[in-house]
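Residue strings, one per chain:
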Amino acid sequence: MSVIVTDSGFAADDWTRSYCSTGAANDCVALDLPSDTIPEGIELTPTLEMIRVDFPSSADGRGFTIARALRLRGYTGRLRARGHVLADQYAMARRSGFDEVEIDEALAARQPDDQWQFRADWQSGDYQARLRG
């Protein structure tokens, strides 16, 4: 079972629909993307409600690039990071465009809610915000 991390803390997964892989039919409502996806190749259809990007390792930051590129292309739906994202990376995930992070119960036990909440104020601590004053 997965644990969803948002700015409000840990929550149960409320997404009940299935995911399609890239190249699926145009009526797909949710995409499951591997970390090596080229974001410019993703067709952003009006029916697309959720995109979930895989993080196979906490050292693999390609998912952050995918999220940022999708947001810059105009995707406004739900964007979820899934896999080996650490609490220390939560602010970066939010800044790059993710709405939430999906982790397994083992990681949630090793890094409890308070560690994620410590990083939930992701908008105020970035370098550019400090420069703007």
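What counts and how
- Residues numbered from 1 in each chain as written.
- Predicted model: local features only at pLDDT ≥ 70, side-chain atom pairs only at ≥ 80, totals over all residues.
- Heavy atoms only, no water.
- Helix = DSSP H or I, 4+ residues; strand = E, 2+ residues; numbered from the N terminus.
- Buried < 20%, exposed > 50% of the residue type's maximum accessible area, 1.4 Å probe, protein only.
- Contact = heavy atoms within 4.5 Å.
- Polar contact = N/O pair within 3.5 Å; in protein donor to acceptor, adjacent residues only side chain to side chain.

(A) The arrangement of the environment of Arg-95 in detail. Summarising the element assignment, Arg-95 is placed in helix H2 (residues 90-96). Taking the C-alpha atoms as reference points, Arg-95 and Ala-67, separated by 28 residues in sequence, lie 9.4 Å from one another.

(B) Representation of helix H1 (residues 62-72). Listing the buried residues of H1 in full gives Gly-63, Phe-64, Ile-66, Ala-67, Ala-69 and Leu-70. Looking at the buried positions of H1, the neighbouring elements they touch are strand E3 (30-33), strand E4 (50-55), strand E5 (78-83) and H2. Backbone geometry just downstream of H1 places Gly-74 in the positive-phi region, at approximately 105°.

(C) Fine view of the side chain of Thr-37. Among the secondary structure elements, Thr-37 is positioned in the loop between E3 and E4. The class for Thr-37 is buried, based on a relative accessible area of 13%. At 2.8 Å, the side chain of Thr-37 and the backbone oxygen of Pro-34 are in polar contact. In contact with Thr-37, not counting residues within four places along its chain, are Ile-42 and Ile-66.

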